[in-house]
Amino acid sequence: MIESIRMSAPFALSLQDLAPIAEGTSTPQAMAETVKLAQAADGLGYTRLWYAEHHGMPSIASSVPEILIGSAAAATRNIRVGSGGVMLLNHAPLRIAEAYRTLEALHPGRIDLGLGRAPGGDGYAMRALRSGGGEEFSAYLAELMAFDEESFPADHPFSRVPVSPGGIGLPPKWLLGSSGASAAAAGQLGFGYAFAAHFSHSPAAPAFEAYRQAFQPSPDFPEPRTILCLSVICAPTEEEAKYLGLSQAVNWARFVTGEQRQLTAPEKAAQHVLTPQQQQVIDHQSSLWLVGDPTRMAEIISDKAREAAADEVMITTTIHSYDLRRRSYALLAEALGIAPRA
């Protein structure tokens, strides 16, 4: 039995799924695995499951979070399911209001709407999506809220556009950040705030403090609520975890240097000859990848949550084997002492 350190780690535990497409598998299999992971996480006692919006990436199938959200919510009973996040600049705000009202109506009280300003893809994907520029994010967000709250001025042309379905509001809204720039805005709006420490080298603690200082209570968030997102690979031994982590390291290096492909198996990743540039990518990013055995991972996660004063930790895990990815989440749940559901 893994020693639980739950008493020293008083935070909720959640997970993010990028719907990875592992080399040697099919896209339908990857889609089916999202449901298996959702059901496993629900049974393990995870608080919420989020899907991130990505485009033009052969190794990631989470291009349309709302479809995965609906699929996972229908297959589970208790876990909250949401976007982490919707890249708002890729969409007309009315379309997002309609989609997430529909999800909230189908699964009342179990949906989250996480919003981000990043494009979720490269410049070519941005152009194909007709994505707005980053400076337009505030306007997109204000429009989304005006649709939901029916607060357009009477002379605004959109005041004549009712959001369908009616009779229901959007689910709780979260703002996603990776540098702290959006932290105060999230607080002022009365949103939850999630920090992407799984790929950002900026410290989370200052961003969380700025968020709390600016926080104004809202119906969905009477008090501030923070999520620290971390990248974790857990296996029974540190040696095995490091081996499994080769897939993540090599695929990330290939992605950054323009060699996009499906998620490589660790045995193939171990044979890949890295270019000097790819090695630099791994050297730079590897400090953000937490890789090891359950006891050590639980200690590090707890320390990071405590340092950032996070209310919740959200784990994303990149492993080629779907079975071993579910095992990683199970080992963390046990090590951190979250209560399984019947």
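If you're wondering where the values come from, they're calculated on a predicted model, not measured in any experiment.

Time to look at the overall build of the protein. Within the protein one finds 12 helices and nine strands. Since a compact globule built from 342 residues should have a radius of gyration of about 20 Å, the 20 Å found for the protein is in line with a globular shape. By principal-axis analysis of the C-alpha atoms, the protein measures approximately 65 × 45 × 40 Å. Among the 342 residues that make up the protein, the fraction classed as buried is 52%. Excluding contacts between residues fewer than 6 apart, the proportion of contacts in the protein whose partners are at least 24 apart in sequence is 75%. For the protein, the computed accessible surface area is about 14,900 Å², with 55% contributed by carbon and sulfur atoms. Positive and negative charge centroids in the protein, built from 26 and 35 side chains respectively, lie 3 Å apart.

What follows covers the environment of Gly116. Looking at the secondary structure, you find Gly116 in strand β4 (residues 111-116). When its relative accessible area of 4% is taken as the criterion, Gly116 is described as buried. Once you skip the residues sitting within four places of it in the chain, Gly116 turns out to touch Val86, Met87, Leu88, Phe137 and Leu176.

Further remarks concern the side chain of Asp112. For Asp112, the location among the structural elements is in strand β4. Using a relative accessible area of 1% as the deciding quantity, one classes Asp112 as buried. At a separation of 2.7 Å, a polar atom in the side chain of Asp112 contacts the side chain of Arg48. In this structure Asp112 touches Arg48, Trp50, Arg80, Val81, Gly82, Ser83, Tyr100, Pro171, Pro172 and Trp174, once residues within four positions along its chain are discounted.

Using the criterion set out here, one finds 16 salt bridges in the structure. When the shortest N-O distance is used, the salt bridge between Arg80 and Asp112 registers 2.9 Å. Of the two residues, Arg80 sits in strand β3 (residues 80-87) while Asp112 sits in strand β4, which places them 32 residues apart along the sequence. With its nearest N and O atoms 3.3 Å apart, the salt bridge here joins Arg101 to Asp148. Pair noted here: Arg101 is in helix α3 (residues 93-106) and Asp148 is in helix α5 (residues 137-149), with a separation of 47 residues, a long-range link. Look at Asp148 and you get buried, because its relative accessible area is 15%. Through salt bridges with shared partners, a single network forms among Arg48, Arg80, Asp112, Arg225 and Glu312.

Residues Gly84 and Gly85 are joined by a peptide bond in cis, for which omega reads 5 degrees. Along the polypeptide, Gly85 turns up in strand β3. For the bond from Ser164 to Pro165, the omega torsion is 5 degrees, close enough to zero to count as cis. Locating Pro165 in the fold gives a position in the loop between α5 and β5 (173-177). In the Ramachandran plot, Ala19 falls in the positive-phi region, its phi being about 50 degrees despite a non-glycine side chain. With respect to the helices and strands, the residue Ala19 is situated in the loop between β1 (12-17) and α1 (27-44).

Another aspect to go through is helix α7 (residues 204-214). The set of residues buried in α7 consists of Ala204, Ala207, Phe208, Tyr211 and Ala214. For α7, the angular spread of buried residues about the axis comes to 135 degrees, placing them on one side. The exposed residues of α7 that point more than 90 degrees off its buried face are Pro206 and Gln213. Residues of α7 that are buried in the fold lie against α6 (183-189), β6 (192-195), β7 (226-234) and α11 (294-308).

What follows covers the packing of aromatic side chains. Summed over all chains, the structure comprises 11 aromatic pairs. Each ring, one from Tyr193 and one from Phe208, has its centre 6.0 Å from the other, and the planes form 90 degrees; the classification is edge-to-face. Separated by 15 residues along the polypeptide, Tyr193 in strand β6 and Phe208 in helix α7 bring together distant segments of the chain. For Phe208, a relative accessible area of 0% translates into the label buried. For the pair Tyr211 and Phe215, a centre-to-centre distance of 5.7 Å together with 70 degrees between the ring planes defines the contact as edge-to-face. In this structure Tyr211 comes out as buried when scored by relative accessible area, which is 0%. Grouping aromatic residues by their ring pairs yields a cluster made of Tyr193, Phe195, Phe208, Tyr211 and Phe215.

The next subject is α11. Along an α-helix, a turn takes 3.6 residues, which lines up residues three or four apart on a common side. Look at α11: 21 Å from first C-alpha to last across 15 residues, which is about the 21 Å you get at 1.5 Å a residue. For α11, every residue scored as buried is listed here: Pro294, Met297, Ala298, Ile300, Ile301, Ser302, Ala305 and Ala308. Against α7, β7, β8 (289-292), β9 (312-316) and α12 (322-336) lie the buried residues of α11. Here α11 starts with a cap whose side-chain oxygen sits 3.2 Å from the backbone nitrogen of Thr295, and that cap is Asp293. Backbone geometry just downstream of α11 places Ala309 in the positive-phi region, at approximately 55 degrees.

Mean pLDDT over the protein stands at 93; residues scoring 70 or higher make up 97%. Residue range residues 1-8 is modelled with pLDDT below 50. Its contacts to residues more than four positions away, or to other chains, number 21 contacts.

Criteria and cut-off values
- Residues numbered from 1 in each chain as written.
- Predicted model: local features only at pLDDT ≥ 70, side-chain atom pairs only at ≥ 80, totals over all residues.
- Heavy atoms only, no water.
- Helix = DSSP H or I, 4+ residues; strand = E, 2+ residues; numbered from the N terminus.
- Rg over C-alpha atoms; globule rule 2.2 N^0.38 Å.
- Buried < 20%, exposed > 50% of the residue type's maximum accessible area, 1.4 Å probe, protein only.
- Contact = heavy atoms within 4.5 Å.
- Areas by Shrake-Rupley, 256 points an atom, 1.4 Å probe, with all protein chains shown as cover.
- Lys, Arg positive; Asp, Glu negative; His and termini not counted.
- Charge placed at Lys NZ, Arg CZ, Asp CG, Glu CD.
- Polar contact = N/O pair within 3.5 Å; in protein donor to acceptor, adjacent residues only side chain to side chain.
- Salt bridge = Lys/Arg side-chain N within 4 Å of Asp/Glu carboxyl O.
- Arc of directions from axis to C-beta.
- Phe/Tyr/Trp six-rings, centres within 6.5 Å; stacked < 30°, edge-to-face > 60°.
- Expected span 1.5 Å × (residues − 1).
- pLDDT = per-residue confidence, 0-100.

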